[in-house]
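Each chain, letter by letter, is given below.
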Amino acid sequence: MSKRRTLVTVAAAALVLGLSGVAQADPSGAPTFRQLAGVGSDTTQGVMNGLSDTITVGGTKIIASYDAVGSASITTKDAATTPGCTMTRPANSGEGVNALVASLDAGDNCVQFARSSSNNSASYAGKNLTYVPFAVDAVTYAVRSDSSISKKLTTAQLKSVYNCTAPGVGTTYKPLLPKFGSGTRAFFLSSLGLTNAANYTTTFPCVHDADTTGAPIEENTGTFLTDPANVAPYSIAAYQSQITGVVPAVQGKAVLATLNGISPTSLNTASSFKRDVYNVVPTGQLANAPYAGTFAGTGSAICGATDVITKYGFGKAANCGDTSIVTP
């Protein structure tokens, strides 16, 4: 990742931070509709909900972060002033960025930013987006507490599970992936040296990205591990948030495993599967309020909220607020 920084001078004093309790699934409290509506990643929805509850301008909340899972549709703006902003709920990083791009192309002002747990900027050439890192996560694999699968696999061993070459695949191992578009899926497969694609489970039929009813598997949701032979990628930060109760507990019987000898009990910056997570914003808005004061530069409100970021199991990114990752 480039170390070049583009810092935007902001009136940071106008942004007030204050810790709150458990963040809500979708925006709650006044105002119902806010200046910065964001959608996308399951991995970062909890921390962005927390930030939306604590970052204000002049005492007014400005971030509206809509979860990846919930009602079928969401409405991000007041129909009286900004009609047409009811949409199918974006369910992951890819769908979130797609919703942002669609809003920008339409000029409808329905979506201002997207949550993304992977840097997929290369997929959006010409869309004038900036991927702004703010936190650090690490990914490992999860199994059920009653599983006989080793909780001390290496990258090579895990790769053999996910390319269907490991002995016992289909019996000892029944690997799962989140649905296509998930940033965690893309990052996990890339870290294993495998190529993510919509037809991955056709190419490697031992892997499934839908449950037995055909419902797509949601990332970081342990209740999808219904068989002791199941194994799935899992965000360490998301898991910590779930077991500490700052987000809904959806881990079920899932437990995190040690990957390459690195403990999964807390975010470990030595993890071989460490990643930055991002807020994706229109490049042309970065110098404008409230984008600048919220997202851009080390002095931004998000980068100043270290206590909120760590509360949700993440580490603050060393390059928090960096604006050098721009779509080609």
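Here the residue numbers are simple positions, counted from 1 along each chain's written sequence. This being a predicted model, a pLDDT of at least 70 is required before a residue's local features are given, and a value of 80 or more before pairs of side-chain atoms are given or counted; all residues contribute to the totals for chains, interfaces and linings. Side-chain measures here rest on the full set of heavy atoms in the structure, leaving out hydrogens and waters.

A. Here's a closer look at the overall build of the chain. Looking only at helices and strands, the chain has eight helices and 16 strands in total. Each radius of gyration is computed over the set of C-alpha atoms, and the globule rule expresses the reference value as 2.2 Å times the number of residues to the power 0.38. Against the compact-globule benchmark of 20 Å for 328 residues, the chain has a radius of gyration of 19 Å, which places it among compact chains. Its C-alpha atoms give the chain principal-axis dimensions of roughly 60 × 40 × 35 Å. Categorising residues by exposure relies on relative accessible area from a 1.4 Å probe, with only protein chains included: less than 20% of the type maximum marks a residue as buried, more than 50% marks it as exposed, and the intermediate range marks it as partly exposed. Every one of the 328 residues in the chain was classed for burial, and the buried ones make up 54%. Contacts are assigned to residue pairs that have any heavy atoms within 4.5 Å of one another. Relative to all contacts within the chain whose residues are 6 or more apart in sequence, the contacts with residues 24 or more apart total 74%. Accessible surface is estimated by sampling points in the Shrake-Rupley manner with a 1.4 Å probe; for residues, cover comes only from the protein chains shown. Put simply, the chain shows about 12700 Å² of open surface, and 55% of that area lies on carbon and sulfur atoms. Think of it this way: any DSSP run of H or I at least four residues long counts as a helix, any run of E at least two long counts as a strand, and we number them from the N terminus.

B. Representation of the packing of aromatic side chains within the structure. Planes of paired rings set the category: under 30 degrees apart is stacked, over 60 is edge-to-face and the rest tilted, where pairs are Phe, Tyr or Trp rings (Trp by its six-membered ring) whose centres lie within 6.5 Å. Here the structure, examined in full by the defined rule, presents six aromatic pairs. On the numbers, 5.1 Å between centres and 80° between planes, the contact of tyrosine 162 with phenylalanine 188 is edge-to-face. With a gap of 26 residues between them, tyrosine 162 in helix α3 (residues 155-162) and phenylalanine 188 in helix α4 (residues 183-191) connect regions that are remote in the sequence. Take tyrosine 162: its relative accessible area is 0%, and that puts it in the buried class. Among the residues examined, phenylalanine 188 registers a relative accessible area of 0% and is labelled buried. Plain terms: the ring middles of tyrosine 200 and phenylalanine 204 are 4.7 Å apart, the flat faces sit at 40° to each other, and that makes the pair tilted. By the ring-pair criterion, three or more aromatic residues cluster together here, those being Tyr162, Phe188 and Phe273.

C. Main features of unusual backbone geometry. Cis rather than trans, the peptide bond between alanine 30 and proline 31 has omega equal to -10°. Secondary-structure assignment places proline 31 in the loop between β1 (15-16) and β2 (36-40). Across the junction of alanine 289 and proline 290, the peptide omega takes the value 0°, indicating a cis bond. Mapped onto the secondary structure, proline 290 falls in the loop between β15 (274-282) and α7 (291-295). Non-glycine residue asparagine 220 carries a positive phi angle of around 55°. Turning to its location among the elements, asparagine 220 is positioned in the loop between α5 (200-203) and β12 (230-235). Note on asparagine 220: relative accessible area 2%, which makes it buried. Even without glycine at this site, asparagine 260 takes up a positive phi of about 55°.

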